[in-house]
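So you can see what is in the structure, the chains are spelled out below.
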Amino acid sequence: MATVSVVMATYNGARYISAQLESLRAQTHLPSELIVGDDGSSDATLEIVAAFAASAPFPVRIQRNAMRLGYGENFLTNAKLATGDYVAFCDQDDEWAPEKLATCLAHLEREQAVMCVHAASLIDGESQEIGTFEQGITGFEIRPPLSLEPWDVFFGLTQVFRRDLLDRIPSDRRGLDNHAVGSPLSHDRWIHFLGDSFGKTVILPDRLVRYRQHGKNAYGGLRKGLLLRLRGKLVASAEIMDMHYGIAAHRASLLREAEANASDSGTRAHARAAAAYWQGLADLYRDRREVYRAPRFGERLAVFRRLRFAKAYEAGAGLGGKVLVKDFFLGVCRLPVDAITPKDHHTATVATPPSPQK
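Okay, so let's go over this structure. (Residues numbered from 1 in each chain as written. Predicted model: local features only at pLDDT ≥ 70, side-chain atom pairs only at ≥ 80, totals over all residues. Heavy atoms only, no water.)

**Comments concerning the pattern of salt bridges**
Considering all chains together, one arrives at 19 salt bridges under this definition. For the salt bridge of Arg61 with Glu33, the shortest nitrogen-to-oxygen distance reads 2.9 Å. Separated by 28 residues along the polypeptide, Arg61 in strand 3 (residues 60-64) and Glu33 in strand 2 (residues 33-38) bring together distant segments of the chain. Judged by relative accessible area, Glu33 falls into the buried class, the value being 4%. Two residues, Asp177 and Arg189, come together in a salt bridge whose shortest N-O distance is 3.6 Å. Of the two residues, Asp177 is situated in the loop between strand 9 (159-162) and helix 5 (187-198) and Arg189 in helix 5; the sequence distance between them amounts to twelve residues. The class of Asp177 is buried, set by a relative accessible area of 3%. Note on Arg189: relative accessible area 14%, which makes it buried. One salt-bridge network, held together by shared partners, links Glu95, Arg210 and Arg212. (Salt bridge = Lys/Arg side-chain N within 4 Å of Asp/Glu carboxyl O. Helix = DSSP H or I, 4+ residues; strand = E, 2+ residues; numbered from the N terminus. Buried < 20%, exposed > 50% of the residue type's maximum accessible area, 1.4 Å probe, protein only.)

Pasting the structure below:
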């Protein structure tokens, strides 16, 4: 039977961690181990974990980081210690459905996939359901390699993945994050990249985690207002194209090294295909930045037309139709964002109303 290591990153999580730990105890497929990486908690977090470990039906390993790592590095550093066939990232303040691990492992084994992701419910500080967190998931899917959105992510709390993905490329070489500019790539975006590069991904609509929203989340699941979301997507510049070009070219280089170092033909083939994919993306962004950098309208339009002729904006080609609209209005025409969307001073967040459970 397949084994799974649960890796939990903690930092001053005493208020909610007991509920999460008890939800691990209640799993219908118990983890083979729980690895807790603590990032310097000064509250009762470690005392609560130690008390749980004394009666847990699986081994609990507590790793005290010698220095503050930050949540992403904390997850990845301690995931390397995992001994299970699979790894599941675990936040300190959520609650797992009893069937989470069993469901994900069954699909991973059946489909011979390298990553499984799923939807979630949203709960408040009192564990009351306040919404849903679908992550764009509309139904069951099996996605082939290199078919996920390259710059998006399925949150770590919804990922279960093969342990050997962590051995493909050293995580300390993962490079920069395209979302948190200037920061190292987050743990879940790194796994998203590795999973999509080296195998199939199973996508489940099942809400297998109750994702807590309490105001101190590193990232939350509550949805911003429509206009704020729209304005957030209508941002582009030559500098942003440069950033994405650099990230894509770096990933292509890492994958070429992974191909050279691979010990089996299957891994070599995946790495080769993924390197070509990311090099193609790098080339697209190298050309696309001229849509924003070229000083004259005619020059920008010529680059835009060349990209269209090369079918760069077609579905699955790397950019997509929404980017075509952005590049034309913001790049070629240099239309200000305010001319496209009304000013929106609304800062409140809303959750998707809960749907009836199946």
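Let's pick the thread back up.
**So, the pairing of strand 2**
Burial runs high along strand 2: six of the six residues are buried. Going residue by residue along strand 2, you find Glu33, Ile35 and Gly37 tucked away on one face and Leu34, Val36 and Asp38 tucked away on the opposite face as well. As defined by bridge partners, strand 1 (residues 4-10) adjoins strand 2 across six bridges and the pair is classed as parallel. In the sheet register, Val7 faces strand 2, and the bridge partner there is Ile35. Read from strand 1 through helix 1 (residues 17-25) to strand 2, the crossover connection turns out right-handed. Examined bridge by bridge, strand 2 and strand 3 share five bridges and lie parallel to one another. Along strand 3, the bridge assignment pairs Val36 with Ile62. Crossover strand 2 to strand 3 through helix 2 (residues 45-53) is right-handed. (Pairing = 2+ DSSP bridges. Right-handed = clockwise from strand over helix to strand, strands pointing away.)

**Here's the deal with the side chain of Asp188**
The residue Asp188 is located in helix 5 in this model. We note that Asp188 is buried and unpaired, the nearest opposite charge coming from Arg189 at a distance of 5.3 Å. In this structure Asp188 touches Val153, Phe154, Phe155, Gly156 and Gln159, once residues within four positions along its chain are discounted. (Lys, Arg positive; Asp, Glu negative; His and termini not counted. Contact = heavy atoms within 4.5 Å.)

**Structural notes on the pairing of strand 10 (residues 201-212)**
Each regular strand displays side chains that alternate between the two surfaces of the sheet. Inspection of the sheet shows strand 5 (residues 95-96) paired to strand 10 by two bridges, in the antiparallel sense. If you follow Glu95 over to strand 10, its bridge partner there is Arg210. Where strand 6 (residues 115-123) meets strand 10, eight bridges bridge the pair, whose relative direction is parallel. Directly across from Cys116, in strand 10, lies its bridge partner Val202. Examined bridge by bridge, strand 8 (residues 141-143) and strand 10 share three bridges and lie antiparallel to one another. Of the residues in strand 10, the one forming a bridge with Glu141 is Ile203.

**Considering the packing of aromatic side chains**
Tallied over the full model, the rule gives 14 aromatic pairs. Summarising the aromatic geometry, the rings of Trp151 and Tyr285 are spaced 5.8 Å apart at their centres and angled 85° between planes, so their arrangement reads as edge-to-face. On the criterion of sequence distance, the pair formed by Trp151 in the loop between strand 8 and strand 9 and Tyr285 in helix 8 (residues 265-293) is long-range, its members being 134 residues apart. Taken as a pair, Trp151 and Tyr285 share a single burial class, namely buried. An aromatic cluster of at least three residues, connected via ring pairs, comprises Trp151, Trp190, Phe193, Tyr277, Trp278 and Tyr285. The ring of Trp278 carries Arg251 above its face, with NZ or CZ at 4.7 Å from the centroid. (Phe/Tyr/Trp six-rings, centres within 6.5 Å; stacked < 30°, edge-to-face > 60°. Lys NZ or Arg CZ within 6 Å of the ring centre and 35° of its normal.)

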